[in-house]
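# Secondary and tertiary structure notes
Now for the letters of each chain:
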Amino acid sequence: MPGADLHWIPLGAGTRVVQVSGRLYEAGVAALQRRPRCALFHTALVVDTTDGRYVVEVAPIPDLAGESRGVVATGAVGSRRLGRLRVFRYEVRVWRDGVIPDLVESVATERFDLGADRTAALLALVGQVPTPVWGRDELRAGEMWNSNSVTSWLLARSGVDMTTVGPPRGGRAPGWDAGIEVAARAPRPATG
């Protein structure tokens, strides 16, 4: 069936450095906001179409062979100046039969049966996703832009009712609301 699976994966699953830095970040934000700490999540989309399965993901750029991973866009991490170096860049992928290494760590999955036309439209939107500096709020959406922003932007622009979609109970997905906010600023795409 054509549609998309939204996977909620604990931040840092399989990567100790991201896990520790995420915990430090959440401790700081929770202290500033005077609230308890939450589990942090990042998201990934697996999209089924009539002609195959695609992974839609935002990730660091491992090498210059982006075409083999279905890379459709790139952006800087931290600052535009640092973004001149590959280690400070991210890529947005629409990867046919792609792999998400930490997908096995997913704690929740939501299925969106979009139908063939809306699923194709979602994949077409990936190349149009905004690519501001990762970790900054250049689009003035109220929080930083990151992989969660890309996922929520795609779902919102595809017509998914985002009022019913969010991280697992007791968790947060930094950047999630930024994607929804930015998607709401543009007119809805036409669907078949």
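Here we summarise the structure given alongside this text. (Residues numbered from 1 in each chain as written. Predicted model: local features only at pLDDT ≥ 70, side-chain atom pairs only at ≥ 80, totals over all residues. Heavy atoms only, no water.)

## Some points on the pairing of strand β2 (residues 39-49)
- Along β2, 10 of the 11 residues are buried, which leaves the element largely enclosed by surrounding structure.
- Sheet analysis places strand β1 (residues 3-10) next to β2, joined by eight bridges and oriented antiparallel. Looking at the pairing, His7 lines up with Ala44 of β2.
- The pairing of β2 with strand β7 (residues 171-172) spans two bridges and is classified as parallel. Each residue of the ladder has a partner; that of Ala39, found in β7, is Gly171.
- With five bridges connecting them, β2 and strand β3 (residues 52-60) associate as antiparallel partners. If you follow Val46 over to β3, its bridge partner there is Val55.
- Once β2 ends, the chain turns through two residues before running back antiparallel as β3. (Buried < 20%, exposed > 50% of the residue type's maximum accessible area, 1.4 Å probe, protein only. Helix = DSSP H or I, 4+ residues; strand = E, 2+ residues; numbered from the N terminus. Pairing = 2+ DSSP bridges.)

## Examining the packing of helix α3 (residues 147-157) against helix α4 (residues 176-184)
- Look at α3 against α4: their axes get within 7 Å of each other, and the N-to-C directions meet at 40°. For the element pair α3 / α4, the angle class is oblique. Viewed along their axes, α3 and α4 form a crossing whose handedness is right-handed. In this structure, α3 contributes Asn148, Ser149, Thr151, Ser152, Trp153, Leu155, Ala156 and Arg157 to the contact, and α4 contributes Trp176, Ala178, Gly179, Ile180, Val182 and Ala183.
- In terms of residue class, the contact of α3 with α4 is built from eight nonpolar, five polar and one charged. (Axes fitted to C-alpha atoms, helices over the stretch in contact; angles between N-to-C directions. Parallel < 35°, antiparallel > 145°, perpendicular 65-115°, else oblique. Left-handed = near helix turned anticlockwise from the far one by under 90°. Contact = heavy atoms within 4.5 Å. Nonpolar A, V, L, I, M, F, W, Y, C, P; charged D, E, K, R; others polar.)

## Concerning the pattern of salt bridges
- Throughout the structure, instances matching the rule amount to 12 salt bridges.
- One salt bridge in this structure joins Asp48 and Arg53, with 2.6 Å as the shortest N-O distance.
- A salt bridge links Glu181 to Arg185, with the nearest nitrogen and oxygen atoms 3.3 Å apart.
- For Glu181, a relative accessible area of 35% gives the class partly exposed. (Salt bridge = Lys/Arg side-chain N within 4 Å of Asp/Glu carboxyl O.)

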